[in-house]
Amino acid sequence: MRASFSGEVATYYARHRRGYPPEVLDALVEAFGLGAGDTVVDLGCGTGQLSLPLAARVGAVIGVDPEPDMLALARQGALDAARANATWLLGADSDLPALGRLLGDRAIGALTVAVAIHFMDRDALFRAVRPLLRPGGGVAVVTNGAPLWLQDAEWSGALRECLERLLGHPVTATCQTDEAGRLRNQNALVRAGYRYAESSVQYDAPLTIDDMVGGVFSAVSADRLPSMQGRATFTAEVRDALGGRDKVTERIRVWLQFGTPD
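For clarity, every value in this text was computed on a predicted model and none was experimentally measured. (Residues numbered from 1 in each chain as written. Predicted model: local features only at pLDDT ≥ 70, side-chain atom pairs only at ≥ 80, totals over all residues. Heavy atoms only, no water.)

**Q** Would you mind showing me how to read the sheet that holds strand E7 (residues 247-261) here?
**A** Pairing between the strands of a sheet is mediated by backbone hydrogen bonds and can be parallel or antiparallel. Taken in spatial order, the seven strands line up as E3-E2-E1-E4-E5-E7-E6 in an open sheet, and their pairing is mixed. Looking at strand neighbours, the two that pair on one side only are strand E3 (86-90) and strand E6 (194-208), the edges of this open sheet. Taken pair by pair, the neighbouring strands of this sheet meet at an average axis angle of 20°, ignoring direction. When strand E5 (residues 133-144) meets E7, the two strands line up antiparallel, connected through six bridges. Paired with Val141 across the strands is Gln257, a residue of E7. Each of E6 and E7 touches helix H9 (residues 209-217); the most contacted strand, E6, lies at about 135° to it. (Pairing = 2+ DSSP bridges. Helix = DSSP H or I, 4+ residues; strand = E, 2+ residues; numbered from the N terminus. Axes fitted to C-alpha atoms, helices over the stretch in contact; angles between N-to-C directions. Contact = heavy atoms within 4.5 Å.)

Below you can see the structure in the form of structure tokens.
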């Protein structure tokens, strides 16, 4: 995992990254029989988009991320939501064995990885977590829709053109949210000895121009953020490209890939 989501990028992430509808939490709970007696580790937790709603469904959530600024915002979000059962740890996927030693005999109900799996060593991670899982527990890799600039919608094409002008090169990064990325997750889970299953949740939701632009800036390294004037200019260009609209409709498909040890 790389710690590149610092400073203002972390703030954009907390404010503008989309969360998860209740159906996604329902699927996670059902897949592993999660309940009030369970601890869930949310690896690459960011600012808590999945950790915080999960904390309302289980006994405890441990959010792990390599970026201190992300964790600080996640902690503040937990305080604001009065989620006293969320704990935040600085770490990466390679630290999972150390976390296991810290947990001791306390097995976890699930390990979740939402959005961040493309930063991790899947094979090593899925092997390392097996000894930590209670019977019936497992791993869930969650993909929260396609990148804003690669969706099958007119507004997404307009955004991509603006973003390519801003960056000066084509923008094709899928963040491994596409079918090929999901296949990599599946294959790694099977290689590590897990029974594989998947499901998805699809829904439409409004997307404001501010959230669209903020979502883009949440995916840019902190050292590559434009100046404040550059950000304002980019926002105006996106709004003009969308005919002055302040809101569009985004169709989101959340993929959930489950691994349960054989």
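**Q** How do you make sense of unusual backbone geometry when you look at a structure like this?
**A** Glycine aside, the phi torsion of most residues is negative, and most peptide linkages are trans. Its identity as a non-glycine residue notwithstanding, Cys175 has a phi of 55°, on the positive side. Residue class for Cys175 comes out partly exposed when judged on its relative accessible area of 31%. One non-glycine residue, Gln176, lies in positive phi territory at about 55°. Looking at the element boundaries, Gln176 is found in the loop between helix H7 (154-167) and helix H8 (179-191). A residue is classified by how much of its surface remains accessible, and Gln176, at 21% relative accessible area, is partly exposed. (Buried < 20%, exposed > 50% of the residue type's maximum accessible area, 1.4 Å probe, protein only.)

**Q** When you look at the side chain of Thr143 in this model, what are you seeing that I'm missing?
**A** Examined against the element boundaries, Thr143 turns out to sit in strand E5. Given the relative accessible area of 7%, Thr143 is considered buried. With residues near it in sequence (within four places) discarded, Thr143 still touches Thr177, Arg253, Val254 and Trp255.

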